[in-house]
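Results of the structural survey
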Amino acid sequence: MKPVNVGIVGLGTVGSGTFNVLTRNAEDITRRAGRAIQVTHVGARRDNPAADTSGVKVSRDVADVVADPNVDVIVELIGGTTLAKDLVLAAIASGKHVVTANKALIAEYGNEIFAAAEAKGVNVAFEAAVAGGIPIIKAIREGLSANQIQWVAGIINGTGNFILTEMKEKGRDFADVLAEAQALGYAEADPTFDVEGIDAAHKLTILASVAFGIPLQFDKAYTEGISKITAEDVSYADELGYSIKHLGMTRKTDAGIELRVHPTLIHKSRLIANVNGVMNAVMAMSDAVGPTLYYGPGAGAEPTASSVVADIVDVARTLTTDPDNRVPHLAFNPNSLSDTPILPIDQIGTAYYLRITAKDTPGVMAKVATILSDSGINIESLLQKEVDVANGQVPIIMITRQVKEQSMNVALEKIEIQEEVVGSVMRIRLEQLDG
Ligand code: HSE
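Counting starts from 1 at the beginning of each chain's written sequence and moves along it residue by residue. A pLDDT threshold of at least 70 governs which residues receive local features in this predicted model, and a stricter bar of 80 or more applies before side-chain atom pairs are shown or counted, although totals over entire chains, interfaces and linings include all residues. Water and hydrogen atoms were dropped before computing side-chain values, which therefore reflect all heavy atoms in the structure.

A word on the packing of aromatic side chains
Each Phe, Tyr or Trp ring, with Trp reduced to its six-membered ring, pairs with another whose centre is within 6.5 Å; inter-plane angles below 30 degrees give stacked pairs, above 60 give edge-to-face pairs, and intermediate values give tilted ones. Taken as a whole and judged by the stated rule, the model has one aromatic pair. Both rings, one in Phe114 and one in Phe126, keep their centres 5.4 Å apart while their planes meet at 35 degrees; by these two values the pair is tilted. In this pair, Phe114 sits in helix H5 (residues 103-120) while Phe126 sits in the loop between strand S6 (124-125) and helix H6 (136-143), placing the two residues 12 residues apart along the sequence. Note on accessibility: Phe114 and Phe126 belong to one class, buried. To qualify as a helix, a DSSP run of H or I must reach at least 4 residues; to qualify as a strand, a run of E must reach at least 2; elements of each kind are numbered from the N terminus. The buried label goes to any residue with under 20% of its type's maximum accessible area, the exposed label to any with over 50%, and the partly exposed label to all in between, with areas taken from a 1.4 Å probe on protein chains only.

See below:
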C-alpha cells in the first residue's frame, strides 16, 4: 500500500521527539499500520540539533507544509492558538487529516475545529494534548465506552506536580523548582499556565468532553493555582494523613457538571496521592468497571511523541474508512452531545482543609466552631499547633466534612471578621476519590 506522507509543523521538543520516534521505530510502526509512515516535509523556523532531518524537505515557512499536495497528514506541534489554529483549519480545508498535541487549541477552539473536520470528512487527533504519553483519550473514549462515567480526576500538569513534590520532599523553594522544570523542557512557554492551573484546565476541559459527551467549555472551568500553598500547609496536611496535589476534577451530578482545577488534599492511602515528580495520573470512576487509574509521563519529547505517533497510526488507518463510521472526536456522535450545564464553583460540594491564624486568647476556638456549626459545617479533625511566641498567634488546622462551597464562603467571611482572627483563612478543598 502507498506510504502515508506526514508533514511535521514545529520542530521543538515534541516535534524532534516525534521525528526521531517515527524514524527509529519505522519498521514496527509499518507492521502495525499495515503501510509505511514517512515524514516527507518538516516546517520549522530553525533546525533543531535533536533531530537529523537530512534527506527530508524542510521549509522555513510552515504554511508551505500545509500547502504541500504530497502531504496526507499534518502534525501540528508549534503550540499557541493563533498561527496553529490557522494552519489546522487550512489543513482541514485542503482535506488533510491533522494530529496535534495542542491542548489550548483543542480546549478553546475544538468545537469549531471538529465541526470543520466533520464537514470535510477528515480526522483531528489529539491524544498528546492530555497527559503527554498516557493514552488517556483512547482509554476514556474507546476503552470505557460501555460505561456511564461518573467522574474523572487527574494530576495533569507535570510541572505543578514536580514543584509540589520537591517542596514536600526537599523543602525546596517554589521559584527554584519552577526554574528547573523550565530547564528540563516540561514547563509551558508562559509558566503561569502551569502554576495557575490554566494548562491543567485546558486538559481537563478535553477530558470532561470525552467523558460526558459535552461541547468543550474551557471558559467555564474554575481554575486556582498552587502559588499560595505554603510549606506549612504541605506539612500540616501530611500530619493529618494527606498529600496536596494540583488536581483537575470533573464530575457529573444531577445539577450539572463540575469542571475545576485547584490544589486538593488527597488521602495518602490513595494511589493517586503518591504520583510524584513530573509524572501524571488520571483516575476515572465509571458505573460498570468502577475505578480505573492511568499513570505515566505527562510531558517530555519522546513520551509526548509516543501519543503523537499513535495518533498518526490511527489516522493512517482511517484514511481508508468511511468518515461516518469513525470514532467521534469527542467520543459521542456530534449530534448527540449533551447541553448539561457546567456548575459554578460555589455550587459544588467538597470537604475542606482550613488553616486559621488566631490570637491565642480564650474562646477563639469556640467562636470558630460555632460559626461553622451555624453554617451546617461538620468538623472531622482538628490540629492546634503551638503558639508562636514572637507574635502570640496560633495556627488552627481543621478538616471539615463535605459542604456546598457557597456555605463555606459565608462561614469564612464571618470567621475572618472576628477580632481574634488574623488575616484570611487558608482553604484547600479535599477529595475522597472513593466513588
Ligand atoms: N507544561 C506541561 C506540563 C507540558 O508540565 O505538564 C505537558 O502538557
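Alright, that's what it looks like, and here's the rest.
Topic: H6
Inspection of H6 places Ile136, Ile137, Ala139, Ile140 and Arg141 among the buried residues, and these make up the whole buried set. Buried residues along H6 sit in contact with strand S7 (149-155), helix H10 (198-212), strand S11 (279-286) and strand S12 (290-297). The contact criterion used is simple: two residues touch if any of their non-hydrogen atoms lie within 4.5 Å.

What about unusual backbone geometry?
At Ala331, a position not held by glycine, the phi torsion is positive, near 75 degrees. Looking at the secondary structure, you find Ala331 in the loop between helix H12 (301-318) and strand S13 (349-359).

Focus on the sheet that holds strand S3 (residues 57-59)
Should DSSP find at least two bridges between two strands, the strands are regarded as paired. Strand order in this open sheet of six strands is S3-S2-S1-S4-S5-S6, and the pairing throughout is parallel. Both outer strands of the open sheet, S3 and S6, are each paired with one neighbouring strand and no more. Two strands pair when backbone bridges link them, and strand S1 (residues 4-9) and strand S2 (residues 37-43) are joined in this way by six bridges, in the parallel orientation. By the bridge assignment, Val4 is partnered in S2 with Ile37. Only the contacting stretch of a helix is used when fitting its axis, a line to C-alpha atoms as for every element, and angles between N-to-C directions run 0 to 180 degrees. Along the sheet face, helix H1 (residues 13-24) touches S1 and S2 and points at about 150 degrees away from the line of S2.

What to know about the packing of H1 against H12
Helix packing for two helices is described by the angle between their axes and how far apart those axes are. In contact at an axis separation of 8 Å, H1 and H12 are set at 60 degrees when each is read in the N-to-C sense. With respect to H12, the element H1 is oriented oblique. The handedness of the crossing between H1 and H12 comes out as right-handed. Taken together, the residues of H12 that come into contact with H1 (itself represented by Thr13, Val14, Gly17, Thr18, Asn20, Val21, Leu22 and Arg24) are Ala301, Glu302, Thr304, Ala305, Val308, Val309 and Ile312. Asp, Glu, Lys and Arg are counted as charged, while Ala, Val, Leu, Ile, Met, Phe, Trp, Tyr, Cys and Pro are counted as nonpolar; the rest, among them Gly, fall into the polar class. Residue composition of the contact of H1 with H12, by class: eight nonpolar, five polar and two charged. Note that the term roughly parallel is reserved for angles under 35 degrees, roughly antiparallel for angles over 145, roughly perpendicular for angles of 65 to 115, and oblique for everything else. For a crossing to be left-handed, the near helix must be turned anticlockwise from the far one by less than a right angle; the clockwise case is right-handed.

What about the domain arrangement of the protein?
The domain limits used here are those given by an automatic or database domain assignment. When its domains are assigned, the protein resolves into domain 1 (4-133 + 301-336), domain 2 (148-297) and domain 3 (346-431). Here the C-alpha centre of domain 2 lies 27 Å away from the C-alpha centre of domain 1. Of the residues lining the interface, 20 residues belong to domain 1; the matching set on domain 2 comes to 20 residues. A buried area of about 1,500 Å², summed over both sides, lies between domain 1 and domain 2, and 70% of it is on carbon and sulfur atoms. Of all residues in domain 1, Lys103, Ala107 and Val130 give up the largest surface area on contact with domain 2, accounting jointly for 34% of the area buried on that side. Linking Glu188 and Lys103 is a salt bridge whose minimum nitrogen-to-oxygen distance equals 3.0 Å. Buried area is a sum: the accessible area each of two parts loses on coming together, probed at 1.4 Å, counted once for each and added. For this document, the term salt bridge refers to a Lys or Arg side-chain nitrogen within 4 Å of an Asp or Glu carboxyl oxygen.

A few points about the site of the ligand
If a single non-hydrogen atom of a residue is within 4 Å of a molecule or strand, that residue counts as near it. Near the ligand you find Lys103, Asn157, Gly158, Thr159, Tyr186, Ala187, Glu188, Asp194, Asp199, Lys203, Gly298 and Ala299, and these make up its full shell. As used in this structure description, the phrase polar contact means that two N or O atoms lie within 3.5 Å; if the pair is within protein, one of them must be able to donate a hydrogen and the other to accept it, and residues adjacent in sequence are counted only when both atoms belong to side chains. At 2.5 Å, a side-chain N or O of Glu188 approaches a nitrogen atom of the ligand. Between the ligand and the protein, one listed contact pairs an oxygen atom with a side-chain N or O atom of Lys203 at 2.8 Å. Burial of the ligand by the protein amounts to 92% of the accessible area it has alone, namely 250 Å². Only helix H7 (158-170) and H10 provide two or more residues apiece to the shell around the ligand. Calculation of accessible area relied on Shrake-Rupley with a 1.4 Å probe; when residues are assessed, cover is drawn exclusively from the protein chains displayed.

Points about the pattern of salt bridges
Here the structure, examined in full by the defined rule, presents 28 salt bridges. The salt bridge partner of Glu166 is Lys170, with a shortest N-O separation of 3.2 Å. In this pair, Glu166 and Lys170 are both assigned in helix H7, four residues apart and thus about one turn of the helix distant. Overall, the relative accessible area of 55% leaves Lys170 in the exposed class. The shortest N-O distance in the salt bridge between Arg251 and Glu431 comes to 2.9 Å. In this pair, Arg251 sits in strand S9 (residues 242-252) while Glu431 sits in strand S17 (residues 421-431), placing the two residues 180 residues apart along the sequence. Bridged by salt links that share partners, the residues Glu166, Lys170, Arg172, Asp176 and Glu180 form one connected network.

Structural notes on the packing of H7 against helix H8 (residues 174-183)
Closest axis-to-axis distance for the H7/H8 pair is 9 Å, and the angle between their directions is 135 degrees. Classified by the angle between their axes, H7 and H8 sit oblique to one another. Two packed elements cross with a definite hand, and for H7 against H8 that hand is right-handed. Every residue of H8 that contacts H7 at Thr159, Phe162, Ile163, Glu166 and Met167 is listed here: Phe174, Val177, Leu178, Glu180 and Ala181. Looking at the contact of H7 with H8 residue by residue, the class counts come to seven nonpolar, one polar and two charged.

Structural notes on the nonpolar core
Core analysis: the largest hydrophobic core is formed by 53 residues, its most contacted members being Phe126, Ile136, Ile140, Ile206 and Leu207. Breaking this core down by element, the ones donating at least two residues are helix H3 (63-67), helix H4 (83-93), H5, H6, S7, H10, strand S10 (257-267) and S11. In terms of residue count, H10 provides more of this core than any other element does, nine residues in total. Split by domain, this core shows at least three residues from each of two domains, domain 1 (4-133 + 301-336) and domain 2 (148-297). When neighbours within four sequence positions are excluded, Ile136 is seen to be in contact with Glu127, Val130, Ala131, Leu207, Val282 and Tyr294. For our purposes a nonpolar core is just a set of buried Ala, Val, Leu, Ile, Met, Phe, Trp, Tyr and Cys residues, chained together by side-chain atoms within 4.5 Å. Ranked by size, the runner-up nonpolar core spans 29 residues in total, among them Ala33, Val73, Leu77 and Ile312.

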